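This is what each chain is made of:
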Amino acid sequence: MLNIDDNSFDEEIIEGAEPCLVEFYSSSCLPCHRMEPIMAELSEENGDIKVAKINIAQGEKTVSEYGVMASPTFLFFKKGREVGRLVGFMEKSDLERAVDEVLF
């Protein structure tokens, strides 16, 4: 899983060729901590997508640009454009289903 910030967001997500799942998280967010192993598993199991996370404290510009209002928030990107969004804790199976429906 890739850790990104405002400085690397465009290069890694917008300019990247592969579909992306990006989690916007906070260090103090309990549901975000519960998502860590789920996101790590998705990253390991899905070589067809880029899985990344951005701490909202280190990505204030990106948070504002995409109107992220809560954490965790998951944005789906395809060809550099946002194509989907989910907010809140997600079971792994629900997040996998969303990845399949939105990115493929």
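Residues numbered from 1 in each chain as written. Predicted model: local features only at pLDDT ≥ 70, side-chain atom pairs only at ≥ 80, totals over all residues. Heavy atoms only, no water.

A.B. asks: Just to check I follow, could you spell out the overall build of the protein chain for this structure?
C.D. replies: Within the protein chain, the regular secondary structure consists of four helices and five strands. Since a compact globule built from 104 residues should have a radius of gyration of about 13 Å, the 12 Å found for the protein chain is in line with a globular shape. Seen along its three principal axes, the alpha-carbon backbone of the protein chain occupies a region of about 30 × 30 × 20 Å. Counting all 104 residues of the protein chain, 44% fall into the buried class. Considering only contacts within the protein chain whose residues lie at least 6 apart along the sequence, 66% involve residues at least 24 apart. Of the roughly 5,600 Å² of accessible surface on the protein chain, 46% is carried by carbon and sulfur atoms. Taking the average place of the 10 positive charges on the side chains of the protein chain and the average place of its 21 negative ones, the gap between the two points comes to 5 Å. (Helix = DSSP H or I, 4+ residues; strand = E, 2+ residues; numbered from the N terminus. Rg over C-alpha atoms; globule rule 2.2 N^0.38 Å. Buried < 20%, exposed > 50% of the residue type's maximum accessible area, 1.4 Å probe, protein only. Contact = heavy atoms within 4.5 Å. Areas by Shrake-Rupley, 256 points an atom, 1.4 Å probe, with all protein chains shown as cover. Lys, Arg positive; Asp, Glu negative; His and termini not counted. Charge placed at Lys NZ, Arg CZ, Asp CG, Glu CD.)

A.B. asks: What is the right way to look at the side chain of N55 in this model?
C.D. replies: Tracing the chain through its elements places N55 in strand β3 (residues 50-55). Given the relative accessible area of 8%, N55 is considered buried. A distance of 3.0 Å separates the side chain of N55 from the side chain of S27, its partner in a polar contact. Of the polar contacts made by the side chain of N55, one reaches the backbone nitrogen of A57; its length is 2.9 Å. (Polar contact = N/O pair within 3.5 Å; in protein donor to acceptor, adjacent residues only side chain to side chain.)

A.B. asks: Explain unusual backbone geometry here, please?
C.D. replies: Both trends apply: most residues other than glycine have a negative phi, and most peptide bonds are in trans. In this structure, the amide linkage connecting S71 to the following residue, P72, adopts the cis form with an omega of 0 degrees. Looking at the secondary structure, you find P72 in the loop between α3 (60-65) and β4 (73-78). Phi is positive for K79, close to 55 degrees, though the residue is something other than glycine. Relative to the helices and strands, K79 is located in the loop between β4 and β5 (81-87).

A.B. asks: Is there a simple way to explain the pattern of salt bridges in this structure?
C.D. replies: If you walk through the whole model with that rule in mind, you get seven salt bridges. A salt bridge links K92 to E41; the nearest nitrogen and oxygen atoms lie 2.9 Å apart. On the criterion of sequence distance, the pair formed by K92 in helix α4 (residues 92-103) and E41 in helix α2 (residues 30-45) is long-range, its members being 51 residues apart. The class for E41 is partly exposed, based on a relative accessible area of 34%. Linking R97 and D94 is a salt bridge whose minimum nitrogen-to-oxygen distance equals 2.6 Å. In this pair, R97 and D94 both sit in helix α4, three residues apart, roughly one turn of the helix. Classification of D94 as partly exposed rests on a relative accessible area of 31%. (Salt bridge = Lys/Arg side-chain N within 4 Å of Asp/Glu carboxyl O.)

A.B. asks: Just to check I follow, could you spell out the side chain of K50 for this structure?
C.D. replies: By secondary structure assignment, the location of K50 is in strand β3. A polar atom in the side chain of K50 sits 2.7 Å from the backbone oxygen of E12. With residues near it in sequence (within four places) discarded, K50 still touches L2, E12, I13, E18, P19, C20 and L21.

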